[in-house]
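So you can see what is in the structure, the chains are spelled out below.
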Amino acid sequence: MSRSAHPAGPRHADVLPEGHYSAPAADLNVLDEKVWSRTVTRDADGALAVGGIAVARLAEEFGTPAYFLDESDFRARCRAWADAFGPDADVFYAGKAFLSRAIVRWLKEEGLNLDVCSGGELTTALDAGMPAERIAFHGNNKTVAEIERAVEAGVGRIVLDSFQEIVRVAHIAQRHGVRQRVQIRVTVGVEAHTHEFIATAHEDQKFGIALADGQAAEAVRRALSLDGLELIGVHSHIGSQIFDMAGFEVSARRVVQLLAEIRDEHGVELPEIDLGGGLGIAYTSDDDPREPHEIAKALSDIVTRECEAAKLRTPRISVEPGRAIVGPTAFTLYEVGTIKPLEGLRTYVSVDGGMSDNIRTALYDAEYSVALVSRTSDAEPMLVRVVGKHCESGDIVVKDAFLPADLAPGDLIAVPATGAYCRSMASNYNHALRPPVVAVRDGEARVIVRRETEEDLLRLDVG
Ligand SMILES: *Cc1c(COP(=O)(O)O)cnc(C)c1O
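Owing to the predicted nature of the structure, the values given are computational and were not obtained by experimental measurement. (Residues numbered from 1 in each chain as written. Predicted model: local features only at pLDDT ≥ 70, side-chain atom pairs only at ≥ 80, totals over all residues. Heavy atoms only, no water.)

**Quick look at the UniProt feature "binding site: substrate" (unreviewed entry) in the chain**
Stated precisely, the cut-off is as follows: UniProt positions are given in the numbering used here, feature names are shortened, and annotations may be inferred rather than shown by experiment. Labels follow the DSSP assignment, with helices taken as runs of H or I lasting at least four residues and strands as runs of E lasting at least two, numbered in each case from the N terminus. Whether two residues touch is decided by their heavy atoms; if any such pair falls within 4.5 Å, the residues are in contact.
Listed under "binding site: substrate" (unreviewed entry) in the UniProt record, and renumbered for this structure, are Arg323, Arg360, Tyr364, Glu392 and Tyr421. Taking the farthest pair of C-alpha atoms as the criterion, the annotated set spanning 99 residues is dispersed, since that pair is 26.9 Å apart. With respect to the helices and strands, the residue arginine 360 is situated in helix α11 (residues 360-364). Discounting chain neighbours no more than four positions away, the residues touching arginine 360 are Tyr283, Arg323, Asp365, Ala366, Tyr368, Ala420 and Tyr421. Locating tyrosine 421 in the fold gives a position in the loop between β21 (412-416) and β22 (437-441). In contact with tyrosine 421, other than residues within four places in its own chain, are Lys96, Ala97, Arg323 and Arg360.

**Observations regarding the pattern of salt bridges**
To keep it simple, the criterion reads: Salt bridge, as applied in this entry: a Lys or Arg side-chain nitrogen positioned within 4 Å of an Asp or Glu carboxyl oxygen. Think of it in three bands: residues with accessible area under 20% of the maximum for their type are buried, residues over 50% are exposed, and the middle band is partly exposed, with areas taken using a 1.4 Å probe on protein chains only.
Scanning the model with the defined rule gives 34 salt bridges in all. Residue arginine 175 pairs with glutamate 148 through a salt bridge whose shortest N-O separation is 2.8 Å. With arginine 175 in helix α6 (residues 163-175) and glutamate 148 in helix α5 (residues 144-153), this residue pair connects regions lying 27 residues apart in the sequence. Under the relative-accessibility criterion, arginine 175 is labelled exposed at 57%.

**Observations concerning the site of the ligand**
The following threshold applies: Distances are taken per atom, and a residue is near a molecule or strand as soon as one of its heavy atoms is within 4 Å of it. A 3.5 Å cut-off defines polar contacts: any pair of N or O atoms within that distance qualifies, except that in protein one atom must be a possible hydrogen donor and the other a possible acceptor, and neighbouring residues in sequence count only when both atoms are side-chain atoms. All accessible-area figures derive from a Shrake-Rupley calculation using a 1.4 Å probe, and residue coverage is judged against the displayed protein chains alone.
As a structural note, the neighbourhood of the ligand is formed by 15 residues, with Lys96, Gly278, Glu320, Arg323 and Tyr421 the closest of them. Between the ligand and glycine 278 there is a distance of 2.8 Å, counted from an oxygen atom to a backbone nitrogen or oxygen. The contact in question runs from an oxygen atom of the ligand to an N or O atom on the backbone of arginine 323, over 2.7 Å. Here the ligand has 390 Å² of accessible area as a free molecule, and 92% of this is covered by the chains.

**Thoughts on the confidence of the model for the chain**
Keep this limit in mind: For every residue, the pLDDT score states the predictor's confidence, bounded by 0 at the bottom and 100 at the top.
Mean pLDDT over the chain stands at 94; residues scoring 70 or higher make up 95%. Within the chain, no element has a lower average pLDDT than strand β11 (residues 196-199), which sits at 77, and none a higher one than strand β4 (residues 66-70), at 99. Segment residues 1-15: pLDDT under 50, and 39 contacts once partners within four positions in sequence are set aside and those in other chains are kept.

**Description of the packing of helix α8 (residues 246-266) against helix α9 (residues 292-310)**
Condition: Comment: axis = line fitted to C-alpha atoms, over the contacting stretch for helices; angle = value between 0 and 180 degrees taken between N-to-C directions. If you view the pair so one helix is near and one far, a crossing is left-handed when the near helix is turned anticlockwise from the far one by less than a right angle, and right-handed when it is turned clockwise. Nonpolar residues are Ala, Val, Leu, Ile, Met, Phe, Trp, Tyr, Cys and Pro. Charged residues are Asp, Glu, Lys and Arg, and all others, Gly as well, are polar.
With their axes 9 Å apart at the nearest point, α8 and α9 run at an angle of 35° to one another. Regarding α8 and α9, the two cross each other, and that crossing is right-handed. Judged by residue contacts, Phe248, Glu249, Ala252, Arg253, Val256, Ala260 and Arg263 of α8 engage Leu299, Ile302, Val303, Arg305, Glu306, Cys307 and Ala310 from α9. Looking at the contact of α8 with α9, its residues break down into 9 nonpolar, no polar and 5 charged.

**Focus: the side chain of arginine 423**
What counts is decided by this rule: Only four residue types enter the tally: Lys and Arg on the positive side, Asp and Glu on the negative side; His and the chain ends are excluded.
Relative to the elements of secondary structure, arginine 423 occurs in the loop between β21 and β22. With no salt bridge to any partner, buried arginine 423 finds its closest opposite charge in glutamate 452, at an N-O distance of 5.5 Å. In this structure the side chain of arginine 423 is engaged in a polar contact, spanning 3.2 Å, whose partner is the backbone oxygen of proline 435. Apart from residues no more than four positions distant in its own chain, arginine 423 is found in contact with Tyr67, Phe98, Asp357, Arg434, Pro435, Val437 and Val449.

**Brief notes about the domain arrangement of the chain**
In many analyses, interface size is given as the accessible surface area lost on bringing the parts together. The following threshold applies: Domains are outlined according to an automatic or database domain assignment. Buried area, as used here, totals the accessible surface that two parts lose on assembly, with accessibility defined by a 1.4 Å probe and the loss added over both.
Here the domain parsing of the chain yields domain 1 (41-70 + 328-457) and domain 2 (138-321). Spacing between the C-alpha centres of domain 1 and domain 2 amounts to 36 Å. Contacts between domain 1 and domain 2 engage 6 residues on the former and 4 residues on the latter. Buried area between domain 1 and domain 2, both sides added, is near 500 Å², and the carbon and sulfur share of it is 57%. Along the contact surface separating domain 1 from domain 2 lie 0 salt bridges. Applying the counting rule to domain 1 against domain 2 returns 2 residue pairs in polar contact (both at pLDDT 80 or more).

Here is the structure:
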């Protein structure tokens, strides 16, 4: 997205690069509460504190780079989603955003359900005590071994993603002498992007079964005919980082139409629909996400209205937010290493992590914010690009942002809203050691995923 360029400061000559940076904030020391987790403050010395602990202490104790996760914020967001949707709906946290055993325990305590999409995520969920009936199993290519594991564990639902999988899951369930509760994932022809959506008849993607050409109706026919399956509903997930509810409106309407067709053909009203996840968060001050209660009301209004029009009983709704719960609750703390000013262009600020701990900027051109957090500064803003230490020019963490011009090696900077799809997508590129996730709450900090060590690297490399 293109934004007006209005930078200021001594490092900017008349000719400025075309960019999508906004003007610098009036005061770079102010931490926009939209993009930082809820217990983040600046303490009396001007340093950032989270959960009552100053970043200097966190950096000293846990090192950098590291992710710091605001536990009370995470729990509050879980409760906000559960309360907003109430007892007649189900909230499934999408584990792929970030999953660890501590997270599973918090979800369990706060009354949420959990989506998993691999054997590894399922193992983590079960090991940390999530009741199997509160787990949904997703994925476009679940292995036979994964399906067996899920059926044996008794997961609450498997979301069927293809015609082959309908038969596969039915056979496995039958072999285990159970009727597996399933939903069918349909693609409704809605492609949602951050601020817009595109409605199409066909979908050119690997997930799900198309509504178009009667394919989803045929999948329902087959699922209803197999003894090993109990078809409980239809599932639709339209994209990610979505702000506009219009995409959900089209998707809900098309899903309800399918439920009406199923009733007309088979005489059954499926009891559930799942509208997926994808709700957006604020990565920068330009983003304006909606609150869970607004989303819950909008979705329930749409479904109720469409069901009334189709003379259907309103099904139980489920949703699957991942990013919207965990994304805003963490920031990544880095130490500034080298600084390379390019006169008239921008200043490259290198940090001790990079694309190995945050691949989203390189992968999706994602936007992030950044702040100097070990101190405040009254220096002029300078246009920076925050880059990592990897052997790739595309190793960018924050493409365009402003930091104070007196930034120096050894300063601590933090990138907010890195709770989702950062640690979970982290890699060992250049044999980087994946950073720890440290949960902070009420003056206490606790490692929930430890930092990788060089011994870990050598242990995998069997020589
Ligand atoms: C990725 C995914 C989600 C979660 O998406 P967020 O953008 O993190 O909310 C939910 N459901 C399904 C099926 C997904 O693939």
